[in-house]
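Tertiary structure, described
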Protein chains: 2
Amino acid sequence: MSSSKKPVRPPTDEKIIQMAKNVRLQGLAGDDPRFNVPSRTLANVNFNEVKRIIEMGEGKTAREFFNLGQSKKFMQTMLVAEACKRLVDAGKTNSIRDLYYMTKHTIATTRENTFDDQAESDPIIEDLEVTLDSLREELHLFASNKGAMVGEITVVDGGDVIDARRMGTGGWSVPSIVEPNVIQFRECEAKFILLVEKDAMWRRLNEDKFWKLHHCILIHGGGQPPRGVRRLMHRMVNELKLPLYVFVDNDPWGYYIYSVVKQGSISLAYESRRMAIPSARFIGLSSADVQKYQIPDEVTIRLEDTDIARAKEIMAYPWFQGKKHWQTEIQRMLSSKVKLELEALSAKGITFASDEYLPRKLKDKDFLD
Amino acid sequence: MSSSKKPVRPPTDEKIIQMAKNVRLQGLAGDDPRFNVPSRTLANVNFNEVKRIIEMGEGKTAREFFNLGQSKKFMQTMLVAEACKRLVDAGKTNSIRDLYYMTKHTIATTRENTFDDQAESDPIIEDLEVTLDSLREELHLFASNKGAMVGEITVVDGGDVIDARRMGTGGWSVPSIVEPNVIQFRECEAKFILLVEKDAMWRRLNEDKFWKLHHCILIHGGGQPPRGVRRLMHRMVNELKLPLYVFVDNDPWGYYIYSVVKQGSISLAYESRRMAIPSARFIGLSSADVQKYQIPDEVTIRLEDTDIARAKEIMAYPWFQGKKHWQTEIQRMLSSKVKLELEALSAKGITFASDEYLPRKLKDKDFLD
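Residues numbered from 1 in each chain as written. Chains lettered and ligands numbered in written order. Predicted model: local features only at pLDDT ≥ 70, side-chain atom pairs only at ≥ 80, totals over all residues. Heavy atoms only, no water.

1. Topic: helix H4 (residues 118-132) of chain B
Residue and element names in this part refer to chain B. Just so we agree on the cut-off: For helices the rule is a DSSP run of H or I covering at least 4 residues; for strands it is a run of E covering at least 2, with both sets numbered from the N terminus onward. Multiplying 1.5 Å by the helix residue count minus one yields the expected span of that helix. Each residue is assigned to one of three classes by its accessible area relative to the maximum for its type, calculated with a 1.4 Å probe on protein chains only: buried under 20%, partly exposed between the two thresholds, exposed over 50%. Any pair of N or O atoms that falls within 3.5 Å is considered a polar contact. Within protein, one atom must be able to donate a hydrogen and the other to accept it, and sequence-neighbouring residues count only if both atoms are side-chain atoms.
Its 15 residues place the ends of H4 21 Å apart at the C-alpha level, agreeing with the 21 Å of an ideal helix rising 1.5 Å per residue. Residues Gln118, Ser121, Ile124, Ile125, Glu126, Asp127, Leu128, Glu129, Val130 and Leu132 constitute the buried set of H4. Capping the start of H4 is the job of one residue whose side-chain oxygen sits 3.0 Å from the backbone nitrogen of alanine 119: aspartate 117. Aspartate 133, located one to two residues past H4, shows a positive phi value of around 50 degrees.

2. Observations regarding the interface of chain B and chain A
Threshold: Residues are treated as being in contact if the distance between any of their heavy atoms lies within 4.5 Å. Joining two parts hides part of their accessible area as seen by a 1.4 Å probe, and the buried area is that hidden amount summed over both. Take a side-chain nitrogen of Lys or Arg and a carboxyl oxygen of Asp or Glu: if they are within 4 Å of each other, that pair is a salt bridge.
Counting from both sides, the interface comprises 56 residues of chain B and, opposite them, 56 residues of chain A. Taken together, the two surfaces of chain B and chain A that pack against each other cover about 4,300 Å², and 50% of this comes from carbon and sulfur. Of all residues in chain B, Tyr101, Glu298 and Ile350 of chain B give up the largest surface area on contact with chain A, accounting jointly for 16% of the area buried on that side. Counting the contacts that link chain B with chain A gives four salt bridges. Between glutamate 341 of chain A and arginine 97 of chain B there is a salt bridge, with its nearest N and O atoms 2.4 Å apart. The tally of links from chain B across to chain A stands at 30 residue pairs in polar contact (both at pLDDT 80 or more). Counting only elements with at least two residues in the side of chain B that touches chain A, the list comes to helix H2 (71-90), strand S5 (94-95), helix H3 (96-103), strand S9 (160-163), strand S10 (172-173) and helix H5 (199-207) of chain B.

3. A word on the domain arrangement of chain A
All names here are of chain A. Put simply, the rule reads: For every domain, the bounds stem from an assignment made automatically or drawn from a database.
Under the domain assignment used here, chain A contains domain 1 (12-32 + 67-142) and domain 2 (148-363). For the pair domain 1 and domain 2, the summed buried area comes to about 1,000 Å², and 55% of that belongs to carbon and sulfur atoms. Per-residue buried area on domain 1 facing domain 2 is highest for Asp133, Leu135 and Glu137; these three make up 51% of the total on that side. Run the count over domain 1 and domain 2 and you get five salt bridges.

4. Concerning the packing of aromatic side chains
One pair of aromatic rings is described through two measures. These are the centre distance and the angle between the planes. We count it as follows: Only Phe, Tyr and Trp rings take part, Trp by its six-membered ring, and two of them pair if their centres are within 6.5 Å. Stacked means planes under 30 degrees apart, edge-to-face means over 60, and tilted covers everything else. The criterion is that NZ of a Lys, or CZ of an Arg, lies within 6 Å of the ring centre and within 35 degrees of the ring normal, and then a charge sits over that ring.
Here the structure, examined in full by the defined rule, presents 38 aromatic pairs over all chains. Relative to tryptophan 326 of chain A, the ring of phenylalanine 320 of chain A lies with its centre 4.7 Å away and its plane at 45 degrees, an arrangement referred to as tilted. For phenylalanine 320 of chain A, a relative accessible area of 1% puts it in the buried group. A residue is classified by how much of its surface remains accessible, and tryptophan 326 of chain A, at 0% relative accessible area, is buried. The ring of tyrosine 293 of chain A has arginine 360 of chain A sitting right over it, with the charged end atom 4.4 Å from the ring centre. Over the ring of tyrosine 256 of chain B we find arginine 310 of chain B, and its NZ or CZ is 4.9 Å from the ring centre.

5. Structural notes on the sheet that holds S9 of chain B
Residue and element names in this part refer to chain B. Keep this limit in mind: One requirement defines pairing of two strands: DSSP has to find at least two bridges between them. Geometry is summarised by axes, namely lines fitted to C-alpha atoms with helices restricted to the contacting stretch, and by angles between N-to-C directions that run from 0 to 180 degrees.
Taken in spatial order, the three strands of this open sheet run S9-S8-S11, and their pairing is antiparallel. Edge positions in the open sheet fall to S9 and strand S11 (183-188), since each of these has one partner strand only. Taking the axes of each pair of neighbouring strands and ignoring which way they run, one obtains an average angle of 25 degrees across the sheet. As judged from the four bridges shared by strand S8 (residues 153-157) and S9, these two strands associate in the antiparallel manner. Bridge pairing in S9 places valine 156 opposite valine 161.

6. Overview of the side chain of arginine 227 of chain B
Topologically, arginine 227 of chain B is positioned in helix H7 (residues 227-239). Setting aside anything within four residues of it in sequence, one finds arginine 227 of chain B in contact with Glu129, Leu135, Arg136, Glu137, Leu268, Glu271 and Met275 of chain B.

7. With respect to the environment of glycine 27 of chain B
Tracing the backbone shows glycine 27 of chain B in helix H1 (residues 12-28). Residues glycine 27 of chain B and phenylalanine 65 of chain B lie 38 residues apart in sequence; the distance between their C-alpha atoms is 9.9 Å.

Structure (structure tokens):
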């Protein structure tokens, strides 16, 4: 990754240097070294009704070196920051598991390890993200990679021109880091983006060349889309002004995938600004579809108790609570006592999703917002 | 998928028609309709010492229509065969979950379903595979999709030319079905294939352009490689005469991944012929590496009881039992009481795997066979 196309915010390495300088100056001045970490607690999360995204509040807690309960975390944060600086300087990226190994060592003259487990280093990474106001990707770190893309767009990935119209049956594997210094957009004739929950439906639609007939970008994230897919969609929606439609199972998990794509998540509220897509719309499967598309009873699946509990939780989310059509949607699923998978559309014919279901949904603008 | 480039064996649709014809003729002749299904039981699996792959034996069991215990399975096999015929005729592919939905319905005038669960249809698919001697992919069915590829090769995928030298940071997403009618090979300068267990290490090597420096194909399967990745490697090894090196964690799971890639698996023994790669070699991580490459103690991980039990099972596999170096390899892991992840190499430096570990292994031909 080159550092040529940086946003107007200070580059990540400068932020790390500034943080280290502050700590050093505090020490030299005889003060207790400390820095402020924005709180990643539920109490410090709220739903911004205007922007329609989940956001972090202003709450911060100090992390102090001369504090028995914080000293280890202070040291760990410095270690992680130093490792990220090394990655940025080297122009290299690494997984968060590699980062754990990069920063793990036994402290000289003791039997104490800097980290005993990745469960210790992951939250420190998140602390550093919010402290520096840098996305994980800007710290040159990535999590898992899932998802593929085809459609009417050309992207440049690490200098290579990827024509997503000519990516065969496999597609372009969406990388974990899709910041503007790695990925740039070129020609795009797509009129919208279709996010499909599952790989199998994505293959169905790609095989039927749905994206060509309907001029779109077809992307999947193998379930809950990973950060790379979410961030890429965020960039395409904002930079290319494309609408995004979300196509998921009709079950609480499908609703939740849509919810995270649209509003962001509570646990990663600090990322919403660069991940959440408030304009995203839900194209299906809807609990109304069983009747509307005459889906046979025997391919529906009975709701389990956990589904019912989860559906009620989702209904109570502030961003769904104010919306009558969403209350109706979820209530109808609960009353029908059944859920529906994308694959169930196959019961209506091999290409039913490509030839009938989606075209009709798009034509009728039958979306939930 | 077009049906232009078929192997010399009869096409799948003809095999299905022949199977149906036989059943019909038996009925017309007043005989009990029946067909023979090769047994997929452990007793019917053996290790072929000459070919060095796990194979199915000759055992078969009859599936009879007029047999109370077999009648439902008979009907189910016919239904699945009919659905596969529809897929083949339409030139379409589907997931095994879609196939379940395609064949599920309530039997007229009863409350009985043809299938109640995918757990019922999956084994029927495997029965059909062995009965027809057709791979799942030839029945136009696919399972999950994972894995990506870059490197010094051009492939044609569904008519699109994929230059794996210019696939950016993401790579080409390896599809589930890679039979010759979908995927063809073009220019290849690669000298070998490197299969990496994990996505994170694949990204490390791709970022460092390892495949360019060492003229190889770099592929990962996100853990145990899925059928598409295994079958693609099998084709590349056999058609392009490339050696395959397997790069996995040093733990029983890593040994097992290597074992399945090389010899095939017991549960899917009937696929070994077109999936197993007996020439595959193990490049690491080896239990000898901790000392050889001076990996710091604190990045090793203590073996758990389940690891120890699994390692002993693997040592006892016939294909490992006859090999002294493998007995030494696994015994050394057991004696050291620790395992080692690929990411642990990061403790030696960000690009240690690309710049030192793998080049030295390749130069010294430090492989296990």
